[in-house]
Amino acid sequence: AMAAAYPAMMIDPPSWDSPGFKWMGRRILQGDVLYRDIWDHKFPVIHWINGLAAALGDQQTVLYLLTSVSIAATGWLISLLARRQTGSWLVAALTALTYVTLGSMRATLAGGNFAENWAAPFVVLCLYAAVRATSGGGWIWPIASGLGLGVTACLRPPSLLVGSALLLLLPSLWRAGR
């Protein structure tokens, strides 16, 4: 019985977040003002993404397409980071493929539209840019890292901890020349 039920146990229980995000995105398109006419405790970016999806066509289809782009961008940035750190294209490709596979499975099985998926490319951008900045990559990398951290904070505040932890490591990375 456990083996038969295993696939169902991998799927998250229904969440109120995604339907709420979709509804609020449509309400924003109808002219309602977030936090005045409609309210949620989340930052506005997730609702803007859902409003954009509704404006572009079938909201659910567009959200899946945008989620796919987000997962692919994250996988690409992960591959750049892995390649930079290991020097191996094989490791970079396998690391990115693992992320894209698992991220796609979760998004598909659990219905997509997760703030985590939207924030992931910006978290990895923050990490990648910080690593590039420590190796003397120029003035653009600290700015890119800060922008990644800022967008992450607007999409998924708990993910901000990843970037914040990295910022604590930057002085030692800088001294090590990594």
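Each remark here, short or long, concerns the structure printed above.
Below or above, wherever it landed, is the structure these notes cover. Quantities reported herein were computed from a predicted structural model and do not represent experimental measurements.

The rules behind each value
All residue numbers refer to positions counted from 1 along the written sequence of the respective chain. In keeping with the model being predicted, local features are shown solely for residues with a pLDDT of at least 70 and side-chain atom pairs are shown and tallied solely at 80 or more, while totals for entire chains, interfaces and linings include all residues. To get the side-chain values, take all heavy atoms of the structure and skip hydrogens and water. Strands here are runs of E lasting at least two residues and helices are runs of H or I lasting at least four, both read from the DSSP assignment and numbered beginning at the N terminus. Here's how the labels work: a residue is buried when its accessible area is under 20% of the maximum for its type, exposed when over 50%, partly exposed in between, all with a 1.4 Å probe on protein chains only. By definition, residues are in contact when any of their heavy atoms lie within 4.5 Å. All accessible-area figures derive from a Shrake-Rupley calculation using a 1.4 Å probe, and residue coverage is judged against the displayed protein chains alone. Counted as positive: Lys and Arg. Counted as negative: Asp and Glu, with His and the chain ends omitted from the count. The term salt bridge refers to a pairing of a side-chain nitrogen on Lys or Arg with a carboxyl oxygen on Asp or Glu at a separation within 4 Å. We define a polar contact as two N or O atoms separated by no more than 3.5 Å, with the added condition that, inside protein, one atom must be a possible hydrogen donor and the other a possible acceptor, whereas residues neighbouring each other in sequence contribute only through side-chain atom pairs. Convention adopted: a line fitted to C-alpha atoms gives each axis, helices being fitted over their contacting stretch, and angles between N-to-C directions are expressed from 0 to 180 degrees. To sort the angles, those under 35 degrees are grouped as roughly parallel, those over 145 as roughly antiparallel, those from 65 to 115 as roughly perpendicular, and the leftovers as oblique. For a crossing to be left-handed, the near helix must be turned anticlockwise from the far one by less than a right angle; the clockwise case is right-handed. Just so you know the grouping, Ala, Val, Leu, Ile, Met, Phe, Trp, Tyr, Cys and Pro go in nonpolar, Asp, Glu, Lys and Arg go in charged, and all remaining residues, Gly too, go in polar. Surface patches are drawn from residues lacking salt bridges whose relative accessible area is over 30%; two like charges belong together within 9 Å, two nonpolar side chains (Val, Leu, Ile, Met, Phe, Trp, Tyr) within 5 Å. A pair of Phe, Tyr and Trp rings is counted when the ring centres sit within 6.5 Å of each other, with Trp represented by its six-membered ring. The angle between the planes then sorts it: under 30 degrees is stacked, over 60 is edge-to-face, the rest tilted.

1. Regarding the overall build of the protein
Inference 1: Helix and strand counts for the protein stand at eight helices and zero strands.
Inference 2: Counting all 178 residues of the protein, 36% fall into the buried class.
Inference 3: Summarising the internal contacts of the protein: among those between residues at least 6 apart in sequence, 60% fall at separations of at least 24.
Inference 4: With the model as given, the accessible surface of the protein reaches about 10,300 Å², and the carbon-plus-sulfur share is 71%.

2. Here's the deal with the side chain of Asp 40
Inference 1: Its place among the elements puts Asp 40 in the loop between α2 (17-29) and α3 (45-56).
Inference 2: Despite its burial, Asp 40 pairs with no opposite charge; the closest candidate is Lys 42, at 5.4 Å N-O.
Inference 3: A polar side-chain atom of Asp 40 sits 3.2 Å from a polar atom in the side chain of His 41.
Inference 4: Only 3.2 Å separates the side chain of Asp 40 from the side chain of His 47, close enough to count as a polar contact.
Inference 5: Setting aside residues no more than four positions away along its own chain, Asp 40 makes contact with Phe 21, Met 24, Tyr 35 and His 47.

3. Let's talk about the packing of α2 against α3
Inference 1: Between α2 and α3, whose axes approach to 7 Å, the crossing angle comes to 70 degrees. Compared by their axis directions, α2 and α3 come out roughly perpendicular. Two packed elements cross with a definite hand, and for α2 against α3 that hand is right-handed. Between α2, through Phe 21, Lys 22, Met 24, Gly 25, Arg 26, Ile 28 and Leu 29, and α3, the contact on the second element is made entirely by Ile 46, His 47, Trp 48, Asn 50, Gly 51, Ala 54 and Ala 55.
Inference 2: Grouping the amino acids of the contact of α2 with α3 by side-chain chemistry returns eight nonpolar, four polar and two charged.

4. Looking at the packing of α3 against helix α4 (residues 59-86)
Inference 1: Taken N-terminus to C-terminus, the directions of α3 and α4 make an angle of 120 degrees; their axes are 8 Å apart at the nearest point. Between α3 and α4, the angle falls in the class oblique. Here α3 and α4 pass one another in a crossing that is right-handed. From α3, Ile 49, Asn 50, Ala 53, Ala 54 and Leu 56 reach across to α4, where they touch Gln 59, Val 62, Leu 63 and Leu 66.

5. Thoughts on a nonpolar patch on the surface
Inference 1: Nonpolar side chains collect at one region of the surface, where Trp 139, Ile 140, Ile 143 and Leu 147 lie side by side and expose about 460 Å² of accessible area between them.
Inference 2: Residue placement: Ile 143 occurs in helix α7 (residues 140-155).
Inference 3: Relative accessible area serves as the criterion here: at 43%, Ile 143 is assigned to the partly exposed category.

6. Here we look at the pattern of salt bridges
It is possible for side chains bearing opposite charge to pair when their charged atoms get close.
Inference 1: This structure, assessed with the given rule, holds four salt bridges.
Inference 2: Of the charged contacts, one joins Asp 17 and Lys 42 as a salt bridge, the two residues approaching to 3.8 Å between their closest N and O atoms. With Asp 17 in helix α2 and Lys 42 in the loop between α2 and α3, this residue pair connects regions lying 25 residues apart in the sequence.
Inference 3: Asp 32 serves as the salt-bridge partner of Arg 27, at 2.2 Å between the closest nitrogen and oxygen.
Inference 4: Take Arg 27: its relative accessible area is 22%, and that puts it in the partly exposed class.

7. Observations regarding the packing of aromatic side chains
Inference 1: Within this structure, the stated rule accounts for one aromatic pair.
Inference 2: Here Tyr 128 and Trp 141 contribute two aromatic rings whose centre-to-centre distance is 5.6 Å and whose plane-to-plane angle is 90 degrees, an arrangement assigned as edge-to-face. Here Trp 141 lies in helix α7 and Tyr 128 lies in helix α6 (residues 115-134), a separation of 13 residues in the sequence.
Inference 3: Residue classification places Tyr 128 among the buried positions, given a relative accessible area of 9%.
Inference 4: Judged by its relative accessible area of 18%, Trp 141 falls in the buried class.

Note that all results are geometric; they support no functional claim without further evidence.
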